[in-house]
Amino acid sequence: MRVGLIGLGRIGLFHAETLTRLVDDLIVADADQDHAAEVAGRLGSTLGDPWSADALVIATPTSTHAELLVRACERRIPVFCEKPAAPTVAETIRVAEAAERGGALVHIGFQRRFDAGFAAARQALLDGELGELHRVHLLTGDPRPPAPEYVPRSGGIFRDCHIHDFDILRWVTGLEADTVYATGANRGEPFFAEAGDVDTSAALITMADGTLVTLQGSRYNGAGYDVRMELAGTRATWAVGLGERAPLHRADDGGHPDQPWPDFQSRFAAAYTAEIEAFLAAARGERDSPCTVRDALAALHLAEAADLSRRDGRPVQLAEVTK
């Protein structure tokens, strides 16, 4: 299989290194042609036209995703794209319609679906091991904030960061949200507030069946990169993300991690590899898309509702943003 990769930033380079081990020929391209040439030479990949390949991986800035995805759909090229599918609901719907119109395979990159812990929790819930699900807790803490120039174009903490929480919430529980009540605060650098964003977040989500979900987030989780999920049912409580590298100091016994996770790439390295393997299998016709544009749209709707709730200071029903 020949695979094209567009975009060789941090995550694009990670995918390039993975793909060189999995495909016959990797064709790389980047807006910085000198960087692309250096990467191609170092990895032994091809510097050329990625659109000539059998499948395509998109790891470019968010603002370019929609146009590239629509182009791939029109050419019926199987395509993997890092989240989000597009920065707005309208553009995401446009991409979804293009994929459905052309019958193209599109996989949007929500890597937590391929993490062993989240997958095990989902299966336990499906198997009835938790009993009836009553509550869920989600947390995402970045150890340090993004670059100041990125924040104004990020879409805000709920679209940029918590979109992963919203996707994994739907995937693990199989439930849709009904209402979101979100808030936020600025406890760090002023560039978040200047961009109309927050660096600390919280939300209460009521699912359609009444299950209650709490969410927390931070751009200043100095102990390390922290992603967790807790699912409490009538029979058992399961937790994801409490391994030996979780950046937590245990007050009860004084324990603490020797090497806490420093960033999302190291925490989810195996999941990123697994999702690319799943995409390649789908591109070969061996399975369906593991995460469609409609899945990405559903997560974005939750992010839109959360951001609207934070700004208005009121609960927001999902129906308000899905009309």
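Residues numbered from 1 in each chain as written. Predicted model: local features only at pLDDT ≥ 70, side-chain atom pairs only at ≥ 80, totals over all residues. Heavy atoms only, no water.

S.K.: Go over the packing of helix α7 (residues 163-173) against helix α11 (residues 293-312), please, and point to the residues and values.
M.R.: One way to put it is that α7 packs onto α11 with a least axis distance of 9 Å and a crossing angle of 125°. It follows from the interaxial angle that α7 and α11 lie oblique. Crossing geometry of α7 relative to α11 is assigned as right-handed. Note on element contacts: α11 touches α7 through Asp295, Ala298, Ala299, Leu300, Leu302, Ala303 and Ala306, opposite Ile163, Phe166, Asp167 and Arg170. Counted by class, the contact of α7 with α11 contains 8 nonpolar, no polar and 3 charged residues. (Axes fitted to C-alpha atoms, helices over the stretch in contact; angles between N-to-C directions. Helix = DSSP H or I, 4+ residues; strand = E, 2+ residues; numbered from the N terminus. Parallel < 35°, antiparallel > 145°, perpendicular 65-115°, else oblique. Left-handed = near helix turned anticlockwise from the far one by under 90°. Contact = heavy atoms within 4.5 Å. Nonpolar A, V, L, I, M, F, W, Y, C, P; charged D, E, K, R; others polar.)

S.K.: So what's going on with the pairing of strand β6 (residues 106-109)? Which residues, and what values?
M.R.: Here β6 shows no split at all, with Val106 and Ile108 on one side and His107 and Gly109 on the other all buried. When strand β5 (residues 79-82) meets β6, the two strands line up parallel, connected through 4 bridges. What sits directly across from Cys81, in β6, is Ile108. Of the crossover connections in this fold, the one passing from β5 over helix α4 (residues 89-102) to the parallel β6 is right-handed. (Buried < 20%, exposed > 50% of the residue type's maximum accessible area, 1.4 Å probe, protein only. Pairing = 2+ DSSP bridges. Right-handed = clockwise from strand over helix to strand, strands pointing away.)

S.K.: Tell me what's going on with the environment of Ala271, and back it up with residues and numbers.
M.R.: Within the secondary structure, Ala271 sits in helix α10 (residues 269-283). Residue Ala271 is classed as buried on the basis of its relative accessible area, which comes to 2%. If we skip the residues at most four places from it in the chain, Ala271 touches Gln111, Phe114 and Asp115.

S.K.: Any details on the sheet that holds strand β3 (residues 46-47)? Residues and values, ideally.
M.R.: Neighbouring strands of a sheet are bound in pairs by backbone hydrogen bonds; such pairs are parallel or else antiparallel. Overall, parallel pairing links the 6 strands, which are arranged β3-β2-β1-β4-β5-β6 in an open sheet. Of all strands in the sheet, those bounded by a partner on one side alone are β3 and β6. Note that strand β1 (residues 2-6) and strand β4 (residues 55-58) share 4 bridges and pair parallel. Bridging across to β4, Leu5 finds its partner in Val57.

These figures capture arrangement, not role.
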